[in-house]
Amino acid sequence: MKIDELNWQILGLLQQNARESFAHIGRKVGLTPPAVAERVKKMEDLGIIEGYRANISYGKVGYQLKAIIMLRAFMGKLKPFLDKVKTFQEVVNCYRITGNENIIMEVVLRDQAHLEKFIDELIVYGECRTHIVLSNVVAQSAIKKSRPI
């Protein structure tokens with residue numbers, strides 16, 4: 001499917017507010033609500049729109065720390081870690097990456113004691129580097145149409 005300018009506009013509005021009505025989106029992009037619904041359904045079916053979710057404030061639900069943890073797995077420990085990481089409730093995002101480290105995780109924790117306990121669980125899999133997040137500079141930025149080079 002070609003993502004035309006109208007689809008990019010629809011995607012932009014949905015990324016700002018996924019609960020926006022098709023009627024409101026239609027008024028903004030110049031389409032009828034059924035035409036917007038058809039385009040959205042097609043983008044969902046093709047996997048362009050992967051889903052919808054609520055963004056939760058980690059601080060307001062009891063997590064006082066957000067951290068980025070990088071892990072360089074010990075020999076033979078990467079595969080077991082990839083299975084184990086899916087069970088950690090603290091991990092909100094985890095990426096397998098290139099470079100010196102194998103893994104980068106975004107985690108939320110109750111406090112420093114929780115962080116220490118969590119790191120103790122990780123160090124059996126590899127060497128960890130932890131960075132405490134002070135603030136979000138860019139968060140949940142919308143994916144936009146790429147600019148021509």
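To start, this report covers the structure provided alongside it.

Here's the deal with the packing of aromatic side chains
Reasoning step 1: Inspection of the entire model under this criterion finds 2 aromatic pairs.
Reasoning step 2: On the basis of an interplanar angle of 65 degrees and a centroid distance of 5.5 Å, the ring pair of Phe81 and Tyr125 is categorised as edge-to-face. Of the two residues, Phe81 is situated in helix H4 (residues 78–84) and Tyr125 in the loop between helix H5 (112–122) and strand E4 (126–132); the sequence distance between them amounts to 44 residues. Take Phe81 and Tyr125: they sit in the same class, and that class is buried.

Focus on the sheet that holds strand E2 (residues 91–96)
Reasoning step 1: Spatial strand order, E2-E3-E1-E4: 4 strands in an open sheet with antiparallel pairing. Where the open sheet ends on each side, the last strands, each with one partner, are E2 and E4. For this sheet, the mean angle separating the axes of adjacent strands, direction not counted, is 20 degrees.
Reasoning step 2: Strand direction decides the pairing type here: E2 and strand E3 (residues 103–109), joined by 5 bridges, are antiparallel. Counterpart to Arg96 in the pairing with E3 is Ile103.

A word on the pairing of strand E1 (residues 65–73)
Moving residue by residue along a regular strand, the side chains alternate between the two faces of the sheet.
Reasoning step 1: In terms of burial, E1 is largely enclosed, as 7 of its 9 residues are buried.
Reasoning step 2: Where E1 lies against E4, 7 bridges are found, and the strand directions are antiparallel. Bridge pairing links Arg72 to Glu127 in E4.

Observations concerning the environment of Leu11
Reasoning step 1: As for its position among the elements, Leu11 is in helix H1 (residues 5–16).
Reasoning step 2: A residue is classified by how much of its surface remains accessible, and Leu11, at 11% relative accessible area, is buried.
Reasoning step 3: Spatially, the C-alpha atom of Leu11 lies 9.3 Å from that of Met43, the residues being 32 residues apart in sequence.
Reasoning step 4: Leaving out residues up to four positions away in the same chain, Leu11 has contacts with Ile3, Met43, Ile48 and Ile49.

Considering the pattern of salt bridges
Reasoning step 1: Enumeration according to the criterion identifies 6 salt bridges in this entry.
Reasoning step 2: For Arg39, the salt bridge identified is with Asp4, shortest N-O distance 3.0 Å. Of this pair, Arg39 sits in helix H3 (residues 33–45) while Asp4 sits in the segment before H1, and the two are 35 residues apart along the sequence.
Reasoning step 3: You can call Arg39 partly exposed: its relative accessible area is 22%.
Reasoning step 4: The shortest N-O distance in the salt bridge between Glu5 and Lys145 comes to 3.3 Å. Within this pair, whereas Glu5 is found in helix H1, its partner Lys145 is found in the segment after E4, the two being separated by 140 residues in sequence.
Reasoning step 5: By relative accessible area, Lys145 is classed as partly exposed at 47%.

Structural notes on the nonpolar core
Reasoning step 1: Counting 18 residues, the largest nonpolar core has Ile69, Phe81, Met105, Val107, Phe118 and Leu122 as the members making the most contacts within it.
Reasoning step 2: Considering each element in turn, this core owes the most residues, 5 residues, to E1.
Reasoning step 3: Discounting chain neighbours no more than four positions away, the residues touching Met105 are Ala67, Ile68, Ile69, Phe81, Val85, Val91, Asn93, Cys94 and Leu122.
Reasoning step 4: Counting 11 residues, the second largest nonpolar core, distinct from the first, contains Trp8, Leu11, Leu14 and Ile49.

Structural notes on the side chain of His114
Reasoning step 1: Mapped onto the secondary structure, His114 falls in helix H5.
Reasoning step 2: Judged by relative accessible area, which is 5%, His114 ranks as buried.
Reasoning step 3: A polar contact of 2.9 Å, which involves the side chain of His114, links it to the backbone nitrogen of Arg110.

Each value, and the rule that gives it
Residues numbered from 1 in each chain as written. Predicted model: local features only at pLDDT ≥ 70, side-chain atom pairs only at ≥ 80, totals over all residues. Heavy atoms only, no water. Phe/Tyr/Trp six-rings, centres within 6.5 Å; stacked < 30°, edge-to-face > 60°. Helix = DSSP H or I, 4+ residues; strand = E, 2+ residues; numbered from the N terminus. Buried < 20%, exposed > 50% of the residue type's maximum accessible area, 1.4 Å probe, protein only. Pairing = 2+ DSSP bridges. Axes fitted to C-alpha atoms, helices over the stretch in contact; angles between N-to-C directions. Contact = heavy atoms within 4.5 Å. Salt bridge = Lys/Arg side-chain N within 4 Å of Asp/Glu carboxyl O. Core = buried A, V, L, I, M, F, W, Y, C linked by side-chain atoms within 4.5 Å. Polar contact = N/O pair within 3.5 Å; in protein donor to acceptor, adjacent residues only side chain to side chain.

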